[in-house]
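Coordinates in review
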Amino acid sequence: MSKPKILELEEEIESLKKNTAKNIITMKKAKGSINITEAWGNTLLQGTEYCKIGDKLTIDNGKIKIGAGISKVLVSAHSNGINTSSITGDKGISLKKGDSSIAENYIGGGLNAYHQGVTVAPILVDVVEGDEISVALFCSATGTLQFLDCFLTVEAVEYI
């Protein structure tokens, strides 16, 4: 005997709810400084959880790890400021999927003594379970780079 139609619909609704639940996570790296050892090299910012909705996105070793069932995410990053006078040369922020850069933004390399904010606007990225999304700072010169709080946000937008 088959299930009543109402039970089938209720099960389908529950399945849809489970697969479309909000999953958003923001990682924060508190202000500090990093040593840039290679010009244009990326130095990962290994932050900690700042805010989270859902359970399919986690932080593992300073990177946001993609959980089961997610196929697309929106990724963005922001630094409240990178010190433009701490090292000469262009400076910036980079979004990474694994070891590959997926988007970046940079600021000019003037010697003004202030912090300048920099943002990478949300970008849609194909992902599979186990992928890692991270944020890095870079500079066209070497030395100690000072920065204010940095944030990386990942939002699941498509499920399989």
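Let me sum up the structure you'll find in this document. Treat the numbers as computed from the prediction; the structure is a model and nothing was measured.

What counts and what doesn't
- Residues numbered from 1 in each chain as written.
- Predicted model: local features only at pLDDT ≥ 70, side-chain atom pairs only at ≥ 80, totals over all residues.
- Heavy atoms only, no water.
- Helix = DSSP H or I, 4+ residues; strand = E, 2+ residues; numbered from the N terminus.
- Buried < 20%, exposed > 50% of the residue type's maximum accessible area, 1.4 Å probe, protein only.
- Polar contact = N/O pair within 3.5 Å; in protein donor to acceptor, adjacent residues only side chain to side chain.
- Contact = heavy atoms within 4.5 Å.
- Salt bridge = Lys/Arg side-chain N within 4 Å of Asp/Glu carboxyl O.
- Lys, Arg positive; Asp, Glu negative; His and termini not counted.
- Phe/Tyr/Trp six-rings, centres within 6.5 Å; stacked < 30°, edge-to-face > 60°.
- Core = buried A, V, L, I, M, F, W, Y, C linked by side-chain atoms within 4.5 Å.

1. A look at the side chain of aspartate 131
By secondary structure assignment, the location of aspartate 131 is in the loop between strand 10 (115-126) and strand 11 (132-139). Judged by its relative accessible area of 17%, aspartate 131 is buried. Reaching out from aspartate 131, the side chain makes a polar contact with the backbone nitrogen of valine 128 at a distance of 3.0 Å. Setting aside its immediate chain neighbours within four residues, aspartate 131 contacts Ile64, Lys65, Ile66, Lys97 and Asp126.

2. Quick notes on the pattern of salt bridges
One pass over the structure, following the stated rule, counts eight salt bridges. With a closest N to O distance of 3.4 Å, lysine 28 and aspartate 149 form a salt bridge. One end of the pair, lysine 28, is in strand 1 (residues 24-29); the other, aspartate 149, is in the loop between strand 12 (143-147) and strand 13 (150-159), and 121 residues separate them in sequence. Exposure remark for lysine 28: the relative accessible area of 24% places this residue in the partly exposed category. A salt bridge links aspartate 60 to lysine 65, with the nearest nitrogen and oxygen atoms 3.6 Å apart. Accessibility expressed as a relative area gives 29% for lysine 65, which makes it partly exposed. Beyond isolated ion pairs, a larger network of salt bridges with shared partners links Lys72, Asp126 and Glu158.

3. With respect to the side chain of lysine 91
Topologically, lysine 91 is positioned in strand 8 (residues 91-97). Buried charge lysine 91 goes without a salt bridge, the closest partner of opposite sign being aspartate 90 at 6.7 Å. In this structure the side chain of lysine 91 is engaged in a polar contact, spanning 2.6 Å, whose partner is the backbone oxygen of glycine 89.

4. Describing the packing of aromatic side chains
Within this structure, the stated rule accounts for two aromatic pairs. Ring centres 5.8 Å apart and planes at 35° place the aromatic pair tryptophan 40 and phenylalanine 138 in the tilted group. Here phenylalanine 138 lies in strand 11 and tryptophan 40 lies in the loop between strand 2 (32-36) and strand 3 (42-44), a separation of 98 residues in the sequence. Judged by its relative accessible area of 47%, tryptophan 40 is partly exposed.

5. Comments concerning the nonpolar core
Core analysis: the largest hydrophobic core is formed by 34 residues, its most contacted members being Ile66, Ile70, Val73, Val75, Leu137, Leu152 and Val154. Contact partners of leucine 137, with chain neighbours within four places excluded, come to Ile34, Ile36, Gly41, Asn42, Thr43, Leu45, Ile82, Gly92, Ile93, Leu145 and Phe147.

6. Points about unusual backbone geometry
If you check the backbone angles, tryptophan 40 has positive phi at about 65° while not being a glycine. If you check the backbone angles, asparagine 61 has positive phi at about 55° while not being a glycine. Looking at the secondary structure, you find asparagine 61 in the loop between strand 5 (57-60) and strand 6 (63-66).

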